[in-house]
There are 2 protein chains.
Amino acid sequence: MMLYYFKTMELSNYSRIFKALSNEQRLKIFMMIYKNCSTEKGDSIKAEFRFKEEPCCSMKGGVERAFTLICDCMNLSRSTVSHHFKELQNAGLITCEREGQTYRCNVNEDAVQAVKNFLS
Amino acid sequence: MMLYYFKTMELSNYSRIFKALSNEQRLKIFMMIYKNCSTEKGDSIKAEFRFKEEPCCSMKGGVERAFTLICDCMNLSRSTVSHHFKELQNAGLITCEREGQTYRCNVNEDAVQAVKNFLS
DNA sequence: TCTAATGTTTGACTACACTCGAACTCTTCA
DNA sequence: TGAAGAGTTCGAGTGTAGTCAAACATTAGA
């Protein structure tokens, strides 16, 4: 299920996004992906959001090996991490794809924009 | 319990704010207060966020009679509305005060600013 | 082909969230 | 002083969320 965002988003879509970000572990997962995706410009990533094993990958087409890197950083079982990834996807915040054993994550820019526009 | 916000807010505070906004009813309550508080400039309020009985009050020092107005608009019991107000207060999103029978609500601008700065 | 690594799904457990009605406290007004 | 109005607190019921371990599926490499 993917949501599409328009200029004025429905309240229910906002609450869905906020629900996805309401769990601290999940928020951290999202921030790690977000920060690492938007670092082409070379901003340094705050230690809190850095993957342990860095530099992890090329960020151009999304974060590679995101799942494994996050499992290593956070003290959570793989099934739990899988669940959190799914929640972030269902809220439309990220997209994930596998090609063979390569798991690549991307932030959905429309959703990011919607969050930025909220209250503005 | 009141939270104070600084330039770089803790992740846990963000997740607390998002949790408060993750329930659709509560998000709507917040938006009604927010929109009605920031309307001194005279922007018209979207029908969705308008109190039924309008104009309800003077907005200078916050929304007056917010509790009653919201009970009238939303199909929720007073105890439920009370609970939602408390959650919004605990997250630091609004402040409420009673003077006699006057219940006045205000949006916490620091929290609003924090949300606006998130991801920016 | 066998094995190890990577992620998913399922089932279970615990904790917390949303909601209501009922009983309560204050305040105001008759 | 009594009654009505406004909001809170409490207890209970139902549902959902977060987590894990175990079993599974798929892929890569030996």
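In this text, all values refer to a predicted model and were calculated from it rather than measured experimentally.

Caption draft 1: Inspection of helix 4 (residues 78-90) of chain B at higher detail. Residue and element names in this part refer to chain B. With 13 residues, helix 4 should cover 18 Å at 1.5 Å per step; its first-to-last C-alpha distance of 18 Å lies within 8% of that length. When helix 4 is considered as a whole, its buried residues turn out to be Val81, His84, Phe85 and Leu88. Projection of helix 4 onto a plane perpendicular to its axis shows the buried side chains occupying an angular sector of 100 degrees, all on one side. In this structure, the buried residues of helix 4 make contact with helix 1 (11-20), helix 2 (24-37), helix 3 (66-73), strand 2 (94-99) and strand 3 (102-107).

Caption draft 2: A look at the pairing of strand 2 (residues 94-99) of chain A. Residues and elements named next belong to chain A. Two elements, strand 2 and strand 3 (residues 102-107), share six bridges in a ladder whose sense is antiparallel. Bridged to cysteine 96 within strand 3 is cysteine 105. In textbook terms, the turn of a hairpin is the stretch between consecutive antiparallel strands, and for strand 2 and strand 3 this stretch comprises two residues, one of which, glycine 100, has a positive phi near 65 degrees.

Caption draft 3: Region of the structure containing the pairing of strand 3 of chain B. Pairing of strand 1 (residues 63-64) of chain B with strand 3 of chain B, which is carried by two bridges, proceeds in the antiparallel orientation. When the sheet's bridge partners are listed, valine 63 of chain B is paired in strand 3 of chain B with cysteine 105 of chain B.

Caption draft 4: Geometry of the relation of the copies chain B and chain A. Once turned by 180 degrees and shifted 0.0 Å along the axis, chain B lies on chain A with an RMSD of 0.0 Å. Accordingly, the operation relating the two chain copies is best matched by a two-fold axis. For chain B, the residue whose C-alpha comes nearest the rotation axis is phenylalanine 18 of chain B, separated from it by 2.5 Å. Comparing contact sets, 100% of the residues at the interface of chain B also lie at the interface in chain A, consistent with an isologous, same-surface contact.

Caption draft 5: Representation of the protein's contact with DNA strand D. The local shell around DNA strand D holds 21 residues, among which His84 and Gln101 of chain A together with Thr68, Ser82 and Lys86 of chain B are the closest. Separating a base nitrogen of DNA strand D from a side-chain N or O atom of serine 79 of chain A is a distance of 3.2 Å. Measuring from a base nitrogen of DNA strand D, one finds a side-chain N or O atom of arginine 78 of chain B at 2.9 Å. Only helix 2 (24-37) and helix 4 (78-90) of chain A together with helix 3 and helix 4 of chain B provide two or more residues apiece to the surface near DNA strand D. Each residue belonging to the surface near DNA strand D can be placed in one class, and the counts come to three nonpolar, 14 polar and four charged.

Caption draft 6: Local environment of the nonpolar core. With 82 residues, the main nonpolar core has Phe30 and Phe85 of chain A together with Phe30 and Phe85 of chain B as its most contacted residues. For phenylalanine 85 of chain A, the contacting residues outside a window of four places in its chain are Ile29, Ile33, Ala66, Phe67, Ile70, Ile94, Cys96, Tyr103 and Cys105 of chain A.

Caption draft 7: Here's a closer look at the side chain of arginine 26 of chain A. Looking at where arginine 26 of chain A falls in the secondary structure, it is placed in helix 2. Residues contacting arginine 26 of chain A, with those up to four places away along its chain left out, are Lys19, Ala20, His83, His84, Glu87 and Leu88 of chain A.

Caption draft 8: Representation of the environment of threonine 68 of chain B within the structure. All names here are of chain B. Within the element layout of this structure, threonine 68 appears in helix 3. Owing to a relative accessible area of 37%, threonine 68 belongs among the partly exposed residues under this scheme. In the structure, threonine 68 is positioned 35 residues away from tyrosine 103 in sequence and 8.7 Å away in space, judged by C-alpha atoms.

Caption draft 9: Local environment of the side chain of histidine 84 of chain A. Tracing the backbone through its elements, the reader meets histidine 84 of chain A in helix 4. Apart from residues lying up to four places away in sequence, histidine 84 of chain A is in contact with Asn23, Gln25, Arg26, Ile29 and Leu76 of chain A.

Caption draft 10: Representation of the environment of serine 22 of chain B within the structure. Along the polypeptide, serine 22 of chain B turns up in the loop between helix 1 and helix 2. In this structure serine 22 of chain B comes out as buried when scored by relative accessible area, which is 9%. In this view, serine 22 of chain B contacts Ser15, Phe18, Lys19 and Ser22 of chain A; residues no more than four positions away in its chain are not counted. Within polar-contact distance, the side chain of serine 22 of chain B engages the backbone oxygen of lysine 19 of chain B at 2.7 Å.

Cut-offs applied
In every chain, residue numbers begin from 1 and rise along the written sequence. Throughout, the order in which chains and ligands are written sets their labels, letters from A for the former and numbers from 1 for the latter. This being a predicted model, a pLDDT of at least 70 is required before a residue's local features are given, and a value of 80 or more before pairs of side-chain atoms are given or counted; all residues contribute to the totals for chains, interfaces and linings. Note that water and hydrogens are dropped before the side-chain values are worked out from all heavy atoms of the structure. Numbering of helices and strands runs from the N terminus, with a helix taken as a DSSP run of H or I at least four residues long and a strand as a DSSP run of E at least two residues long. Given a helix with a known number of residues, its expected span is that number minus one, times 1.5 Å. Here the term buried applies to any residue with accessible area under 20% of the maximum for its type, exposed to any over 50%, and partly exposed to those in between, with areas from a 1.4 Å probe on protein chains only. By definition, the arc is the one covered by directions from the helix axis to the C-beta atoms. The contact definition used throughout considers only heavy atoms, calling two residues in contact when any of these lie within 4.5 Å. Two strands pair under a simple rule: DSSP has to find at least two bridges between them. Copies are brought into register by a least-squares superposition over C-alpha atoms of residues with pLDDT of at least 70 in both. Any residue with a non-hydrogen atom lying within 4 Å of a molecule or strand is treated as near it. For this analysis, a polar contact is any N or O atom pair within 3.5 Å, provided that within protein one partner can donate a hydrogen and the other can accept it, and provided that sequence-adjacent residues contribute only side-chain to side-chain pairs. Three categories are distinguished: nonpolar for Ala, Val, Leu, Ile, Met, Phe, Trp, Tyr, Cys and Pro, charged for Asp, Glu, Lys and Arg, and polar for the others, with Gly belonging to the last. In these notes, a set of buried Ala, Val, Leu, Ile, Met, Phe, Trp, Tyr and Cys residues joined through side-chain atoms within 4.5 Å is what counts as a nonpolar core.

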